[in-house]
Each structure stands twice: as structure tokens, then as C-alpha cells.
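The lines below spell out each chain.
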Amino acid sequence: MKAGELYLLGKHLMELASHGMRDDADPEVPEIDLVLISVIVEAPDISISELTARTGFAQSHVSTAVAKLREQGALRTRPDPADRRRTLVTPVDELITAVAQRQQRDAEQVLAAALAELEPEADSVADRAARLVKAADELYRLLTDRALRVGEGSALMPLHSLAGEAAAKPKK
């Protein structure tokens, strides 16, 4: 695989993920907002710099999008008590519930549906999707560790943990 193909693969995966996390009735939301919301819900009290590292967006774009989402009431921000120069971002409870429902959608199912469209006669679509998701999961972990400069033995908080917890919470 060449670097150009890797770039195009990334774009295709973003499109699949975006489609997998949306419903037909959802309003159009800028892609950056969807990605930021997804990460913030999974990692509450995340700093702007860590959010930038996790998403790969420019810090200026992240800060602008966070400010807009805060004005819309989707997020809360506060200074980091340990370093008042840093801003911590937290989702409101309603956002956690909405995103948790979408995060529960399995990447393997999204990928299998896309593969089935390409090769409807293939017997092993589910097996192939499972192998590809396992490889993608490993690549995601390695690249996120690198972006966050997490070393060997450090515990990187998995992004799927909060969605499961939020789904298990009783409604008030």
C-alpha cells in the first residue's frame, strides 16, 4: 500500500464511520462536530490539546468547534484545576445518552454491510469484516498511543467504555 492509498483508505473509513453513526432523520452536522462529540463523550474532562491529538484536527478548529458546541448547550468547559491554562471539556448528560446509542453500533456490522454491497455473493463477509476490524482496532490503538505519546505499560482509556456505562445507566 502506498501513502496515497493509505490517505484514501482513511477517507473511505471516515465516510463509513460517519454513515454508521447517523440516522436518516439526523440533521446535517459538520464532520468535525461529530468526531469531537464522539471523543468528548467517551473521554469527559478531556483537554483541548488531548482532543486535538486524538482527532488530528488543528487546535484552532477544535477550539472553535468546542466554543460553538458550548454555546449550543452540548458541552461544558472549565479551567483545569491542575493547570489553569488548560481547558477541560465535558458533555452534558443528554449528549452522552444520544451519542452512546450511536456508539453502540458495531463497526464490524457497518463494515460487513459495506462489504456485502461490494460482494453480495461472498460467503465470508462477516469473517472478513471481523478480521479487518481487529486489524483496524490494533492500528487505532497504536496510532492513538503515538499521538498522545503514551508509552509502553501506560493505560490508554478505551473510547468505548463510556458508551457502555451510559447505556447501562437508569433513566432519571
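The coordinates are above.
Residues numbered from 1 in each chain as written. Predicted model: local features only at pLDDT ≥ 70, side-chain atom pairs only at ≥ 80, totals over all residues. Heavy atoms only, no water.

**Observations concerning the sheet that holds strand S3 (residues 83–91)**
Here comes step 1: A sheet is described by the order of its strands in space; here three strands give the open sequence S1-S3-S2, paired in antiparallel fashion. The sheet terminates laterally at strand S1 (46–47) and strand S2 (75–80), the two strands that pair on one side only.
Here comes step 2: Sheet analysis places S1 next to S3, joined by two bridges and oriented antiparallel. Residue pairing in the sheet places Ser47 in a bridge with Leu88 of S3.
Here comes step 3: Strand contacts of helix H2 (residues 31–42): S1, S2 and S3, with the helix running at about 100° to S3, the strand carrying the most contacts. (Pairing = 2+ DSSP bridges. Helix = DSSP H or I, 4+ residues; strand = E, 2+ residues; numbered from the N terminus. Contact = heavy atoms within 4.5 Å. Axes fitted to C-alpha atoms, helices over the stretch in contact; angles between N-to-C directions.)

**Considerations on the pairing of S2**
A regular strand places its side chains on the two faces of the sheet in alternate fashion.
Here comes step 1: For S2 and S3, the ladder comprises six bridges, and the chain directions are antiparallel. What sits directly across from Arg76, in S3, is Thr90.
Here comes step 2: Counting the residues between successive antiparallel strands, the hairpin from S2 to S3 contains two residues.

**Concerning the environment of Glu31**
Here comes step 1: By secondary structure assignment, the location of Glu31 is in helix H2.
Here comes step 2: The class for Glu31 is partly exposed, based on a relative accessible area of 32%.
Here comes step 3: Sequence-wise, Glu31 and Ser18 are 13 residues apart; in three dimensions their C-alpha atoms are separated by 7.9 Å.
Here comes step 4: Among all residues touching Glu31, those that are not within four sequence positions of it are Met14, Ser18 and Arg22. (Buried < 20%, exposed > 50% of the residue type's maximum accessible area, 1.4 Å probe, protein only.)

**What to know about the pattern of salt bridges**
Here comes step 1: Going through the model one piece at a time under the given rule, you end up with six salt bridges.
Here comes step 2: A salt bridge links Lys68 to Asp33, with the shortest nitrogen-to-oxygen separation between them at 2.6 Å. Taken together, the positions of Lys68 in helix H4 (residues 59–71) and Asp33 in helix H2 put the pair 35 residues apart, joining distant regions of the chain.
Here comes step 3: According to the relative accessible area criterion, Lys68 is partly exposed, its value standing at 32%.
Here comes step 4: Arg85 is the partner of Asp83 in a salt bridge, and the nearest nitrogen-oxygen pair spans 2.9 Å.
Here comes step 5: A residue is classified by how much of its surface remains accessible, and Asp83, at 21% relative accessible area, is partly exposed. (Salt bridge = Lys/Arg side-chain N within 4 Å of Asp/Glu carboxyl O.)

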